[in-house]
Amino acid sequence: MMLQHTPDSLISSMRLIMKKRLLPLLASVPFFLTPLALTAQDDSGGTLPVEGADGEGEAVSTVGHTVIRSSSIVKVNVTSQGYSPRIPWQKQQSGTRRGLGVVLDGRKILVTGQIVADATYIELELPESGQKLPAKVDVVDYETNLALLTPAAPAKEEDFFKGLTPMSVDTSARIGDSIQVWQAGRVGDLIVTPLEISKVATEGYVVPNAGFLVYEAIGIIRSEANSFTLPVVKDGKLAGLLLRYDSKNQVATILPAPIIDHFLTDLKDGEYDGFPGLGVKFEVTLDDQFRDYLGLEKDAPGVLVSNVQDGGTADQAGVKEGDIMVSINGHEIDSRGDYDDPQFGALSISHVVRGRAFVDDPAKLVVLRDGEKITLNGKLSRKDPEDYLVWPYTFDRAPRYLLNGGLLFQELSQPYLDAFGDRSAGGAILRLSRLARHPEEYEEAGRKKLIFLSAVLPTPSTQGYEKLGGQVVNTVNGQAINDMNDLDAAFKKPQDGLHVIELADYPFVIHLDAVSVERDNLQLMNGMFRVGSLKQLD
């Protein structure tokens, strides 16, 4: 191959074309494409103040620029390993998470619940020096996605915290306020991204069907090595924690300070009660024809109660399906289900219960029933995950299961359903998903947990049953199955040498030879399926 010489005139033409095409593009590149290391620089090499970095931040002068550091944040490194929802005797592959924790009074570190979920080891690290300290979870609330960490090595605690300053919480933020997202750089430098609050609403954090207050803010957040828990700061005080970031639309969703303050206030008496819930589902009454059907006047407030959760606050107070809920604790509910919040304006009525009240606070509910206004009184309560028919989440615990003769029985949980992803669109998983959304029939029947046949392992006892899965168990050996303990007890009492299992769906009845089942159980232990235990009931 011969190399050809390019004439100078052609090179000049090419440069001119590239200049004409590239300059407009470069001019349109936004400022955020340059590194946001938050280093301020002047011509003399002196120190420049950085707006909003006072309070708990400090400036460290270097040659030519200023690096802003904070004594109120630490790095949090977590190793985690959860159980497989579908193979409950096996653990999933271990993983690591990194984030930032906020230093609070009492040598406590505030993080999101996500970062410590299924944690096997937690470590705190000073951003600048790299000094490390083991830590443990003091309190965690996965519904509000908040956790407090405490040191796990008392001998090293004093030295680790000697240079750290607790950060206070600021609940005053409103729409239009300027805030900052803080990140720690590789050598401990504080990377600050300015944002502006554009919206306040209520939505779910991590756990389904649990909506709480959120801020939405507009801005560009530089991605660093911290994948979980980034503090959001206003005037040097904690305004929230970053929940998620939509890079396409440049929208940050923030777990706000009022929820954090509620979490910390609840802990002051030494016990954590959690956030209360009302326990209802409602339908908005915006449609004029719908309002006529309900008998609501044109500007009358209220929403239609479409479902009342068994054992919840509303149920205990006497609210019934079909009631028109007009107000809660003096806050009138409009046709959208909103009330007029003194700080944020129109906001979902759920915030009155979940954000502005505590467990055991009084609940005064005004409803319309058959055209008559009724006042109902009760106390706000919280339903623990253990109390749900279907587990809403299963962090930090092994799934309950029982394996007998190759038939695998489990308690239905939302993580199990989620494990199928898009494949849950049909078949047995769709049927179970519907039961999870509408568990009323089974709750009224006294079921504590929904026990179902989740899989069939190939054994001599299960020949012909290999394709079964997803059927709810009604009885075993004539005993009603309301939870996993019932199932365990029932299998200890075969009928005439047989186990008789009655299901809610086809094939409706399964018969297993009890002697063959015991033989198969011995083969299953530590066999090809790596079964370490035939049951997990705790």
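Structure's up top.
Calculation notes
- Residues numbered from 1 in each chain as written.
- Predicted model: local features only at pLDDT ≥ 70, side-chain atom pairs only at ≥ 80, totals over all residues.
- Heavy atoms only, no water.
- Helix = DSSP H or I, 4+ residues; strand = E, 2+ residues; numbered from the N terminus.
- Buried < 20%, exposed > 50% of the residue type's maximum accessible area, 1.4 Å probe, protein only.
- Contact = heavy atoms within 4.5 Å.
- Areas by Shrake-Rupley, 256 points an atom, 1.4 Å probe, with all protein chains shown as cover.
- Core = buried A, V, L, I, M, F, W, Y, C linked by side-chain atoms within 4.5 Å.
- Phe/Tyr/Trp six-rings, centres within 6.5 Å; stacked < 30°, edge-to-face > 60°.
- Lys NZ or Arg CZ within 6 Å of the ring centre and 35° of its normal.
- Pairing = 2+ DSSP bridges.
- Axes fitted to C-alpha atoms, helices over the stretch in contact; angles between N-to-C directions.
- Lys, Arg positive; Asp, Glu negative; His and termini not counted.
- Salt bridge = Lys/Arg side-chain N within 4 Å of Asp/Glu carboxyl O.
- 1 Å grid on protein atoms, 1.4 Å probe; cavity = no way out; pocket = protein on both sides within 12 Å on 5 of 7 lines; lining within 4 Å.
- Points joined across faces, edges and corners; volume = space filled by probe spheres on them.
- Nonpolar A, V, L, I, M, F, W, Y, C, P; charged D, E, K, R; others polar.
- Arc of directions from axis to C-beta.

Here's the deal with the overall build of the chain
Link 1 in the chain: Across its full length, the chain carries 12 helices and 31 strands.
Link 2 in the chain: Residues counted as buried form 48% of the 538 residues belonging to the chain.
Link 3 in the chain: For the chain, restricting intrachain contacts to residue pairs at least 6 apart in sequence, the fraction spanning at least 24 positions comes to 61%.
Link 4 in the chain: In the structure as shown, the chain presents an accessible area of about 27,100 Å², 49% of it carried by carbon and sulfur atoms.

Description of the nonpolar core
Link 1 in the chain: Membership of the largest hydrophobic core comes to 67 residues, with the highest contact counts inside it found for L110, M325 and I328.
Link 2 in the chain: Core analysis: the second largest hydrophobic core is formed by 23 residues, V111, I115, L124 and A135 among them.

Quick notes on the packing of aromatic side chains
Link 1 in the chain: Counting across every chain of the model gives 13 aromatic pairs.
Link 2 in the chain: Among the aromatic residues, those joined into a ring-pair cluster are Y142, Y393 and F395.
Link 3 in the chain: The ring of Y388 carries K383 above its face, with NZ or CZ at 5.0 Å from the centroid.
Link 4 in the chain: It is R397 that lies over the ring of W391; its NZ or CZ is 4.1 Å from the centre.

Considering the sheet that holds strand β9 (residues 146-151)
Link 1 in the chain: Pairing is antiparallel in the closed barrel, where six strands are placed in the order β4-β5-β6-β9-β8-β7. Here the strands of the sheet are splayed against their neighbours by 40° on average, with no regard to which way each runs.
Link 2 in the chain: Pairing analysis gives six bridges linking strand β8 (residues 132-141) to β9, with the strands arranged antiparallel. Within β9, the residue paired with V139 across the bridge is L148.
Link 3 in the chain: Along the sheet, helix α3 (residues 154-161) contacts β4 (73-80), β6 (108-111), β7 (119-125), β8 and β9; its crossing angle with β8, the most-contacted strand, is approximately 95°.
Link 4 in the chain: Contacts from helix α4 (residues 257-266) reach β5 (95-104), β6, β8 and β9, with the element oriented near 50° to β9.

Points about the side chain of R354
Link 1 in the chain: Looking at the secondary structure, you find R354 in helix α7 (residues 350-354).
Link 2 in the chain: It turns out R354 is buried and unbridged, and the closest side chain with the opposite charge, E143, is 4.4 Å from it.
Link 3 in the chain: Apart from the residues within four sequence positions on either side, R354 is in contact with E143, N209, A210, G211, F212, H262, F275, P276 and G277.

Focus on the environment of L278
Link 1 in the chain: Counting through the fold element by element, L278 comes out in the loop between α4 and β16 (280-283).
Link 2 in the chain: In the structure, L278 is positioned 72 residues away from S350 in sequence and 7.7 Å away in space, judged by C-alpha atoms.

Topic: unusual backbone geometry
Link 1 in the chain: Residue P507 is bonded to the preceding Y506 through a cis peptide linkage, with omega at 10°.
Link 2 in the chain: Considering the arrangement of structural elements, one finds P507 in the loop between β29 (498-503) and β30 (509-513).
Link 3 in the chain: Despite not being glycine, D118 shows a phi value in the positive range, around 55°.
Link 4 in the chain: Residue placement: D118 occurs in the loop between α2 (113-116) and β7.

Structural notes on the layout of surface pockets
Link 1 in the chain: In this structure, the largest pocket occupies an estimated 1,300 Å³ of space.
Link 2 in the chain: As for the largest pocket, its lining consists of 49 residues, and the residues nearest its centre are N209, K281, Q309, R354 and Y388.
Link 3 in the chain: Here the lining of the largest pocket is composed, by residue class, of 21 nonpolar, 16 polar and 12 charged.
Link 4 in the chain: In this structure, the second largest pocket occupies an estimated 430 Å³ of space.
Link 5 in the chain: Around the second largest pocket sit 29 residues that line it, and Y83, P85, T394, F395 and P415 are the ones nearest its centre.
Link 6 in the chain: Going through the elements one at a time, β5, β25 (407-411) and α8 (414-418) are the ones with two or more residues in the lining of the second largest pocket.
Link 7 in the chain: Examining the composition of the lining of the second largest pocket, we find that four residues originate from one element, α8, more than from any other.
Link 8 in the chain: For the lining of the second largest pocket, a count of residues per class yields 12 nonpolar, 11 polar and six charged.

A few points about α3
Link 1 in the chain: Along α3, the residues that are buried comprise E157, F160 and F161. Along the axis of α3, the buried residues cluster in a sector spanning 80°; they form a single face.
Link 2 in the chain: Where the residues of α3 are buried, they touch β4, β6, β7, β8 and β9.

Observations regarding the pairing of β5
Link 1 in the chain: Of all 10 residues making up β5, seven are buried, and the element is well covered by its neighbours.
Link 2 in the chain: As defined by bridge partners, β4 adjoins β5 across eight bridges and the pair is classed as antiparallel. Among the inter-strand pairings, S80 is bridged to a residue of β5, identified as G95.
Link 3 in the chain: Counting the residues in the hairpin turn of β5 and β6 gives three residues, including G106, whose phi is positive at 75°.

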